[in-house]
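# An overview of the molecular structure
So you can see what is in the structure, the chains are spelled out below.
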Amino acid sequence: MPLEQLSSQKCFAGWLQRFRHRSAALHGDTVFALYLPPQAERGEKLPVLYWLSGLTCTDENFMQKAGAQRLAAELGLILVAPDTSPRGPDVPGDPDGAWDFGLGAGFYLDATEAPWSRHYRMHEFVVDELPALVETHFPASDRRGISGHSMGGHGALVCALRNPGRYRSVSAFAPVANPMHCPWGEKAFSRYIGADRARWREWDASVLIGQAQETLPILVDQGDRDAFLVEQLKPAVLDAAARAANYPLTLRIQPGYDHSYYFITSFIDDHLRHHAAALCG
């Protein structure tokens, strides 16, 4: 697949770059950002941490705001951040122009309902197409971790839980932990997947954790002053499901923190080290 480089900046002796390419899964062009640590210039095959951003975000939010490059350079981790949904003139968005569905709100699932099913296949893109692209064009190994924030935290958990053997580490910041029982998830699932709630269970981390075929220790950070905590995120449901399944989940409730990137940048080093322990050790 040909890559069009959009930008390149030196950062902590490595390179922060953006690329556009034609996606088969999304049936259109898409953009992703990538940080290559300095070890990449020595020709080493390096592990990769994939980051999935939240509602309304793009590939740029994490790379510009999280402050992850300094430690990634030290640890020798490649960082990859895709967009949050398909985009383009042929991609349908929310008919009412709402911010929590459609463009910027792909929910990292594979839609089955028209008109969404042609383009909204972010799960296939993240799990299969993007790693194949990265591992073909860059000095990247198949040692993969996945993390994300909010809608992207939901995506990270679901990608790992649905695909045993694909990732070696997983974490999340303020994930939408029980989407089939929150307004954001109900809106997305009913349109992307259809009215049959039984099918929604295939995309809900609090359900999947009880069916997991492997146990990757999960680290989740959640701020207790997050405005979305009670109605949308529901980490207590995920915690209860993990306890019932004896699944290794570490849920940290961080006093005073909200849903913003100030929260993410405060704890991103802990997550990078969590992934590095599995990917670089």
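The preceding data block contains the structure.
Read on for a plain summary of the structure. Worth saying up front: this structure is predicted, and the values here are computed from it rather than measured.

## Overview of the pattern of salt bridges
Scanning the model with the defined rule gives 19 salt bridges in all. The partner of arginine 191 in a salt bridge is aspartate 94, with the nearest N and O atoms 2.8 Å apart. Taken together, the positions of arginine 191 in helix H5 (residues 183-192) and aspartate 94 in the loop between strand E5 (78-82) and helix H3 (122-137) put the pair 97 residues apart, joining distant regions of the chain. Aspartate 110 is the salt-bridge partner of arginine 121, the closest N and O atoms lying 3.6 Å from each other. With arginine 121 in the loop between E5 and H3 and aspartate 110 in the loop between E5 and H3, the pair connects residues that are eleven residues apart, well separated along the chain. For arginine 121, a relative accessible area of 23% translates into the label partly exposed.

## Considering the nonpolar core
Ranked by size, the top nonpolar core spans 93 residues in total, and within it Ile146 and Tyr192 carry the most contacts. The dominant element in this core, judged by the number of residues it contributes, is helix H10 (residues 261-279), at eight residues. Each residue touching tyrosine 192, except ones within four places of it in the same chain, is listed here: Phe101, Gly102, Ala105, Gly106, Phe107, Leu109, Ala111, Thr112, Glu113, Trp116 and Tyr120.

## Let's talk about the packing of aromatic side chains
This model, assessed by the stated rule, comprises 17 aromatic pairs. Here tryptophan 51 and phenylalanine 173 contribute two aromatic rings whose centre-to-centre distance is 5.9 Å and whose plane-to-plane angle is 55 degrees, an arrangement assigned as tilted. A residue pair is termed long-range when its members are at least 10 positions apart, and tryptophan 51 in strand E4 (residues 46-52) and phenylalanine 173 in strand E7 (residues 169-173) qualify at 122 residues. The same class applies to tryptophan 51 and to phenylalanine 173, which are both buried.

Rules and cut-offs
- Residues numbered from 1 in each chain as written.
- Predicted model: local features only at pLDDT ≥ 70, side-chain atom pairs only at ≥ 80, totals over all residues.
- Heavy atoms only, no water.
- Salt bridge = Lys/Arg side-chain N within 4 Å of Asp/Glu carboxyl O.
- Helix = DSSP H or I, 4+ residues; strand = E, 2+ residues; numbered from the N terminus.
- Buried < 20%, exposed > 50% of the residue type's maximum accessible area, 1.4 Å probe, protein only.
- Core = buried A, V, L, I, M, F, W, Y, C linked by side-chain atoms within 4.5 Å.
- Contact = heavy atoms within 4.5 Å.
- Phe/Tyr/Trp six-rings, centres within 6.5 Å; stacked < 30°, edge-to-face > 60°.

Everything listed here is a matter of coordinates, which is why it stays silent on function.
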